[in-house]
Every structure is written in C-alpha cells, then in structure tokens.
Amino acid sequence: QVQLVESGGGLVQPGGSLRLSCAYSGSIFQIYAMGWYRQAPGKQRELVAVIRSGGSTIYQDSVKGRFTISRDNAKNTLYLQMNSLKPEDTAVYYCTLVENTPTPRNNYWGQGTQVTVSA
C-alpha cells in the first residue's frame, strides 16, 4: 500500500509564492517518476510538472520559469516550489507516483491540496 499526502496549499495573493510538499510512504518497488497535476473547477486534470528517477524534469509551458519540482529521497518527499503565482494557477494540486513496474505501471495519487491565488 502506497500513501501520498500533500500539504502546503492555501490562499496567496497574485505574485506570491507557495511550496507544496508530498510525503510518500509504503511498499514502493521502485519509483519511475513523480509529478504534480492540478484540476481547476470545471476543467480537466492537467499535468504541471514531472520529475523522473534520473532527475530530468518536464513542465507545462504555463509554469516554466515560475515553478520548480524537486524530490528529497532521504525525506521521501516531493516538492513543488511555486513563484509568481497567478489567479489562473488556482486549482486543487495532486501528487502522483508511478512505480517502475511492467506496463501498465502502478500509479498512485494523493488526496489533493487546494491552492487559491486571489487578491
């Protein structure tokens, strides 16, 4: 059983910063990749950023240069540093972990944390 617990969301003014954390635990075979997705009201869930086991990263174009994904293996924690936040960043942010198992790979999700960017 793999558990992902997000934290760090909240209300922030435009231009502000937040750091999301995702603590993961449980019986994990091997991590293939971890990432952050978000879902705004009335919209589909979308990829925000991914970090692969080797450390390479992928970002959605709208967050490039503003968001940074990182992972602390010693603390079993994934982070998303969000700077220069905009109202359109408002969403529930979800952490995901993909195991390096035969396809289809096991994919786990956290419960989500709300980020609201508003004056």
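Scroll up to find the structure.
Residue numbers restart at each chain and count upward from 1, following the sequence in its written direction. Given that this is a predicted model, residues contribute local features only at a pLDDT of at least 70 and side-chain atom pairs are listed and counted only at 80 or more, while totals for whole chains, interfaces and linings are drawn from all residues. The basis for the side-chain values is all heavy atoms of the structure; hydrogens and waters are excluded.

1. As for unusual backbone geometry
Among all residues except glycine, the phi angle is most often negative; among peptide bonds, the trans geometry is most common.
Here is step 1: Of note, the amide linkage connecting Thr103 to Pro104 takes the cis form, showing an omega dihedral of -5 degrees.
Here is step 2: A run of DSSP states H or I qualifies as a helix once it reaches four residues; a run of E qualifies as a strand once it reaches two. Both are numbered from the N-terminal end. For Pro104, the position within the fold is in the loop between strand 9 (91–99) and strand 10 (107–109).
Here is step 3: With a phi close to 50 degrees, Asn76 is a non-glycine residue in the positive phi region.
Here is step 4: Assignment of secondary structure puts Asn76 in the loop between strand 7 (67–72) and strand 8 (77–82).

2. Focus: the pairing of strand 9
Here is step 1: Partly exposed describes any residue whose relative accessible area lies between the buried limit of under 20% and the exposed limit of over 50%, with all areas from a 1.4 Å probe on protein chains only and scaled to the type maximum. Along strand 9, 8 of the 9 residues are buried, which leaves the element largely enclosed by surrounding structure.
Here is step 2: The rule for pairing is simple: two strands pair if DSSP sees at least two bridges between them. Across 3 bridges, strand 9 lies against strand 11 (residues 113–117) in antiparallel orientation. What sits directly across from Val92, in strand 11, is Gln114.
Here is step 3: Taken together, the 3 bridges between strand 9 and strand 10 define a ladder with antiparallel strand orientation. Across the sheet, the residue bridging to Thr96 is Trp109, located in strand 10.

3. Description of the state of the cysteines
Here is step 1: Pairs of cysteine sulfur atoms within 2.5 Å are identified as disulfides in what follows. According to the stated counting rule, one finds 1 disulfide in the structure shown.
Here is step 2: Across a sulfur-sulfur distance of 2.1 Å, Cys22 and Cys95 are joined as a disulfide pair. Between Cys22 and Cys95, the S-S torsion sits near -75 degrees, and that sign places the bridge as left-handed. On the criterion of sequence distance, the pair formed by Cys22 in strand 3 (residues 18–26) and Cys95 in strand 9 is long-range, its members being 73 residues apart.
Here is step 3: Under the relative-accessibility criterion, Cys22 is labelled buried at 0%.
Here is step 4: Take Cys95: its relative accessible area is 0%, and that puts it in the buried class.

4. Regarding the nonpolar core
Here is step 1: In this text, buried Ala, Val, Leu, Ile, Met, Phe, Trp, Tyr and Cys residues form a nonpolar core when linked through side-chain atoms within 4.5 Å. Met34, Trp36, Leu80, Met82 and Tyr93 are the most contacted members of the largest nonpolar core, which totals 28 residues.
Here is step 2: Put simply, the parts of the chain that give this core at least two residues each are strand 1 (2–7), strand 3, strand 4 (31–39), strand 5 (46–52), strand 7, strand 8, strand 9 and strand 11.
Here is step 3: In what follows, residue pairs with any heavy atoms lying within 4.5 Å of each other are defined as contacts. Not counting the four nearest positions on each side in its chain, Leu80 is found in contact with Leu18, Arg19, Leu20, Trp36, Val48, Ala49, Phe67, Thr68, Ile69 and Tyr93.

5. As for the sheet that holds strand 8
Here is step 1: Judged by pairing direction, the sheet is antiparallel, and its 4 strands sit side by side in the order 1-3-8-7 without closing on themselves. The two strands at the open ends of the sheet, each matched to only one other strand, are strand 1 and strand 7. Ignoring which end each strand starts from, the neighbouring axes of this sheet average 15 degrees apart.
Here is step 2: With 6 bridges joining them, strand 7 and strand 8 adopt antiparallel strand pairing. Looking across to strand 8, one finds that Arg71 is bridged to Leu78. Every angle, taken between N-to-C directions, lies between 0 and 180 degrees, and every axis is a line fitted to C-alpha atoms, over only the stretch in contact when it is a helix.

6. A short note on the packing of aromatic side chains
Here is step 1: Stacked, tilted and edge-to-face are the three classes applied to pairs of Phe, Tyr and Trp rings, where Trp contributes its six-membered ring and a pair requires centres within 6.5 Å; stacked means planes under 30 degrees apart, edge-to-face means over 60, and tilted covers the rest. Going through the model one piece at a time under the given rule, you end up with 1 aromatic pair.
Here is step 2: Geometrically, the ring pair formed by Tyr37 and Trp109 is edge-to-face, given 5.1 Å between the ring centres and 65 degrees between the ring planes. With Tyr37 in strand 4 and Trp109 in strand 10, this residue pair connects regions lying 72 residues apart in the sequence.
Here is step 3: One residue, Arg45, lies across the ring of Tyr94, its end atom 3.8 Å from the ring centre. The criterion for a charge sitting over a ring is simple: Lys NZ or Arg CZ within 6 Å of the ring centre, and within 35 degrees of the ring normal.

Bear in mind that shape data such as this cannot, by itself, settle questions of function.
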